[in-house]
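Descriptive analysis of the structure
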Amino acid sequence: MRYGKLRLLDDISMALMLFASLSIIFSLITDYRSESKTVILISYLSSALFWLSLLIGWIIKLYLFRRLKKDKKITGMLNPVRFFSALPAVVADAGLIVSVVLFVVFLSRNSSVTAQTMVLSAMTFALQMHLALNGKVFKYIHSKDLEEKKNDGKC
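This section reports on the structure supplied with the text. All figures in this text were calculated on a predicted structure; none of them were measured in a lab.

Things to note about the pattern of salt bridges
A full pass over the atoms with the stated rule returns four salt bridges. With a shortest N-O distance of 2.1 Å, lysine 61 and aspartate 10 are connected by a salt bridge. With lysine 61 in helix H2 (residues 37–70) and aspartate 10 in helix H1 (residues 3–26), the pair connects residues that are 51 residues apart, well separated along the chain. Judged by its relative accessible area of 6%, lysine 61 is buried. Glutamate 147 is the salt-bridge partner of lysine 144, the closest N and O atoms lying 3.6 Å from each other. Here the residue lysine 144 and the residue glutamate 147 both occupy positions in helix H5 (residues 136–152), the gap between them amounting to three residues, near one helical turn.

Right under this line is the structure:
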């Protein structure tokens, strides 16, 4: 599989993870118990967006992992416990730690549902980025990015 296609699929999967996280915020403006059919439709669409984005994003990641493993570009098993393995992962992991702490604080202080939902959305995105950016697929693609920049004389 060509590197450009790998990069594109990886970018699409991360965009889908962002959509899944943002769809949590849509729940603030929707109410499935509403009398308005439009509001109910938006409510169901935001739920569908969450699950479809989440599933398709991670299916793409799993496909990339299996493909790279089959092509012997990466070895070993999936490892969700790795932290701070690359600079983008450091940002995601720090965001995850901060958002978990904020979420616990907001829950314990009975903060507004809006604040809790916003932090939950951020925490969901940070968790997904933690898993994606600390993974072997990202590490392989990132190494190819650096290789390409080095060959172009930009690094």
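Section: helix H4 (residues 113–133)
In this model H4 runs 29 Å from its N-terminal to its C-terminal C-alpha over 21 residues, within 8% of the 30 Å that 1.5 Å per residue would give. Of the positions making up H4, those classed as buried are Gln116, Thr117, Val119, Ser121, Met123, Thr124, Ala126, Gln128, Met129, His130, Ala132 and Leu133. Considering only its buried residues, H4 is in contact with H1, H2, helix H3 (87–108) and H5.

Side note on the packing of aromatic side chains
In this structure the tally under the stated criterion is two aromatic pairs. When the ring of phenylalanine 50 is compared with that of tryptophan 51, the centres are 4.8 Å apart and the planes differ by 85 degrees; the resulting orientation is edge-to-face. Accessibility expressed as a relative area gives 51% for tryptophan 51, which makes it exposed. Ring centres of phenylalanine 83 and phenylalanine 84 lie 6.1 Å apart, and the angle between their planes is 45 degrees; on these two criteria the pair is classed as tilted.

Digging into the nonpolar core
Judged by nonpolar contacts, Tyr3, Leu6, Leu9, Leu16, Ile60, Leu64, Phe65, Leu68, Ile74, Val137, Tyr140 and Ile141 together constitute the single largest core of 12 residues. Breaking this core down by element, the ones donating at least two residues are H1, H2 and H5.

Examining H5
Compared with the 24 Å implied by 1.5 Å per residue over 17 residues, the 24 Å span of H5 between its first and last C-alpha is a close match. Among all positions of H5, only Val137, Phe138, Tyr140, Ile141 and Asp145 are buried. Mapping the buried residues of H5 onto a view down its axis gives an arc of 165 degrees, with all of them on the same face. Those residues of H5 that are exposed and aimed more than 90 degrees away from the buried face are Lys139 and Lys150.

As for the packing of H2 against H5
At a closest axis distance of 9 Å, the pairing of H2 and H5 adopts a crossing angle of 70 degrees. One element, H2, and the other, H5, form an angle in the roughly perpendicular class. Like other packed secondary-structure pairs, H2 and H5 cross with a definite hand, here left-handed. Between H2 and H5, the residues in contact are Lys61, Leu64, Phe65 and Leu68 and Lys136, Val137 and Tyr140, respectively. Of the residues contributing to the contact of H2 with H5, the split by class is five nonpolar, no polar and two charged.

Thoughts on a nonpolar patch on the surface
Taken together, the side chains of Leu18, Phe19, Leu22, Phe26, Leu28, Ile29, Leu49, Val113 and Met118 make up a nonpolar region of the molecular surface, amounting to roughly 780 Å² of accessible area. Those elements giving two or more residues to the nonpolar patch turn out to be H1 and H4. Considering every element that reaches the nonpolar patch, the biggest residue donor is H1, with four residues. For phenylalanine 19, the position within the fold is in helix H1. Note on phenylalanine 19: relative accessible area 42%, which makes it partly exposed.

The rules behind each value
Residues numbered from 1 in each chain as written. Predicted model: local features only at pLDDT ≥ 70, side-chain atom pairs only at ≥ 80, totals over all residues. Heavy atoms only, no water. Salt bridge = Lys/Arg side-chain N within 4 Å of Asp/Glu carboxyl O. Helix = DSSP H or I, 4+ residues; strand = E, 2+ residues; numbered from the N terminus. Buried < 20%, exposed > 50% of the residue type's maximum accessible area, 1.4 Å probe, protein only. Expected span 1.5 Å × (residues − 1). Contact = heavy atoms within 4.5 Å. Phe/Tyr/Trp six-rings, centres within 6.5 Å; stacked < 30°, edge-to-face > 60°. Core = buried A, V, L, I, M, F, W, Y, C linked by side-chain atoms within 4.5 Å. Arc of directions from axis to C-beta. Axes fitted to C-alpha atoms, helices over the stretch in contact; angles between N-to-C directions. Parallel < 35°, antiparallel > 145°, perpendicular 65-115°, else oblique. Left-handed = near helix turned anticlockwise from the far one by under 90°. Nonpolar A, V, L, I, M, F, W, Y, C, P; charged D, E, K, R; others polar. Patch = residues over 30% accessible without salt bridge, like charges linked within 9 Å, V, L, I, M, F, W, Y side chains within 5 Å. Areas by Shrake-Rupley, 256 points an atom, 1.4 Å probe, with all protein chains shown as cover.

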